[in-house]
Amino acid sequence: MRHSAPGSLFFRNAEQVLTLAGLPVPRRGKALSQLGIIPQGGVLTQGTTVLEVGQSRALEAKARRLKAEAIDCRGSVVMPGFVDSHTHLVFAASRVGDYEERLRGKTYEEIARAGGGIRLSARKVRQASISSLARQGEGFLKQFAAHGTTTLEVKTGYGLDVAQELKLLEVIRRLSKTSKLELVPTLLAAHALPAEYAGRPAAYIETIILELIPVAGRKKLAEFIDCFCDRGAFSVELCRRVLRAGERQGLIPRLHAEQLSHTGASRLAVEFEAASADHLDKLSTADIRALARSDVVATLLPGANFHLGLSAYPPARKLIEAGAIVALATDFNPGTSPTLNMQFILSVACSALRMNPAEAISAATINAAFALRRANRLGSLEPGKQADVIMMDVSDYREIPYYFGVNHCRMTVKAGAVVSCQ
Ligand code: NIG
Ligand code: FE
């Protein structure tokens, strides 16, 4: 929600300002490590945008003229807010029962086949009201803000029928109005096969295409269309139909791809010039090459591997070395990745995926902004861009992933207004 127009802020004397400034193109290969660091830096905002970024001393006079509110950033790192380009924010209840069963030895797919997993979340959503779903979402959004996330994608996917998916889109619409963060809605009706359609996946897909996608498109309830293209979920051919139908309604494709098995989903993402292909655990060498040649953002979600207790992680190094556009996101959801903390994702990306801290930060800001088709406005601190700024209580950006499991964020500013301060 936008209140009165924000004034001017002066982030002053930061140990490091990470500008992420550069050409307006996604970061690949070595460019991923370039954070555009200004030591003893400052950021001056005016209204909703960044006015100037530079040596703190050089901004003093202008800040005074503007009567900017000065924020003392000594001992801190100032950087763009995190862009979390993959979340399943709206669900009714945790799945701690599934969690415990997995800890006793059952796999994610076994639990799903037995009626747990996504279908359990769908049963819970069916019983929940729009206002109770929104209330829970609002609580999570406060935490996202407190951890430095300023923009997040939000998927449906626990409705699994036309009315329930529309209900989830309505929850997202309400949250966009009440939250100070920016929410990007994605329709993920093809997430799991509802029990009523057992053995008839094509019939479910047909229903979505005829009755849901046109409504979501016409009413502009979603911006992106996503499918869970995997073993136990939907085939490449059915997902192709969904993406095509989405495109006809102006929805931009993105995909859950190659998470549990290799299906060819990442090639489908390339075929559609999708905004992103997400997970990518089971990529082949040829897939990596195809992604690297494309503009599809390879979005890695290592929170899921961590929470599922897997020993294998997506091939970040191979993707970076091949020249793919790599992004990182939480995948916040009750089944595989119940974390909303992008800082923790950076720690896993470094320690388990062997990304370096600079690569991880680019992947969680500017490249994620590309994945949401918002890089012209978000993801870096440059004059004219939106003033989405966070202040982190570390004096060297590498300490963000290094001191893992704690919240370093002291202040979160969205579009020039303070939305969280701790
Ligand atoms: O991204 N892979 C599919 N969807 C989610 C998991 C959803 C759930 O288990 O509730 C994911 O990991
Ligand atoms: Fe997901």
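Residues numbered from 1 in each chain as written. Chains lettered and ligands numbered in written order. Predicted model: local features only at pLDDT ≥ 70, side-chain atom pairs only at ≥ 80, totals over all residues. Heavy atoms only, no water.

**Q** Report on the packing of helix α7 (residues 201-218) against helix α8 (residues 236-248), specifying residues and quantitative values.
**A** At a minimum axis distance of 10 Å, the contact between α7 and α8 shows a crossing angle of 5 degrees. As summarised for this structure, α7 and α8 are arranged roughly parallel, according to the angle between their axes. Along its contact with α7, which presents P201, A202, I205, E206, I209 and I213, the element α8 presents L238, R241, V242, A245 and G246. For the contact of α7 with α8, the residue count by class is eight nonpolar, one polar and two charged. (Axes fitted to C-alpha atoms, helices over the stretch in contact; angles between N-to-C directions. Helix = DSSP H or I, 4+ residues; strand = E, 2+ residues; numbered from the N terminus. Parallel < 35°, antiparallel > 145°, perpendicular 65-115°, else oblique. Contact = heavy atoms within 4.5 Å. Nonpolar A, V, L, I, M, F, W, Y, C, P; charged D, E, K, R; others polar.)

**Q** Tell me about the coordination of the iron ion (ligand 2), residues and numbers included.
**A** Coordination of the iron ion (ligand 2) by the protein is provided by H86 (NE2), H88 (NE2), H256 (NE2) and D331 (OD), with metal-donor distances spanning 2.1 to 2.3 Å. Sequence positions of the donors to the iron ion (ligand 2) reduce to the motif H-x1-H-x167-H-x74-D. With H256 in strand β11 (residues 255-257) and D331 in the loop between β14 (325-328) and α13 (342-351), this residue pair connects regions lying 75 residues apart in the sequence. With relative accessibility at 1%, the residue D331 sits in the buried group. (Donors = N, O, S within 2.8 Å, 3.2 Å for Na, K, Ca; no water. Buried < 20%, exposed > 50% of the residue type's maximum accessible area, 1.4 Å probe, protein only.)

**Q** Please give an account of the layout of surface pockets that cites residues and values.
**A** To find leftover empty space, a probe the size of one water molecule is rolled over the atoms. Within this model, the largest pocket holds a volume of roughly 390 Å³. Elements that contribute at least two residues to the lining of the largest pocket include exactly α2 (96-103), α3 (108-113) and α11 (302-308). Element by element, the count of residues in the lining of the largest pocket is highest for α11, at four residues. Partitioned by chemical class, the residues of the lining of the largest pocket number ten nonpolar, seven polar and six charged. Roughly 280 Å³ of internal volume is contained in the second largest pocket. Lining the second largest pocket are 16 residues, with A112, R113, A192, G232 and A233 sitting closest to its centre. When contributions to the lining of the second largest pocket are tallied by element, the ones reaching two or more residues are α3 and α4 (117-127). A total of four residues in the lining of the second largest pocket trace back to one element, the largest contributor, which is α3. Along the lines of polarity and charge, the residues of the lining of the second largest pocket split into eight nonpolar, four polar and four charged. (1 Å grid on protein atoms, 1.4 Å probe; cavity = no way out; pocket = protein on both sides within 12 Å on 5 of 7 lines; lining within 4 Å. Points joined across faces, edges and corners; volume = space filled by probe spheres on them.)

None of this, on its own, says anything about what the molecule does.
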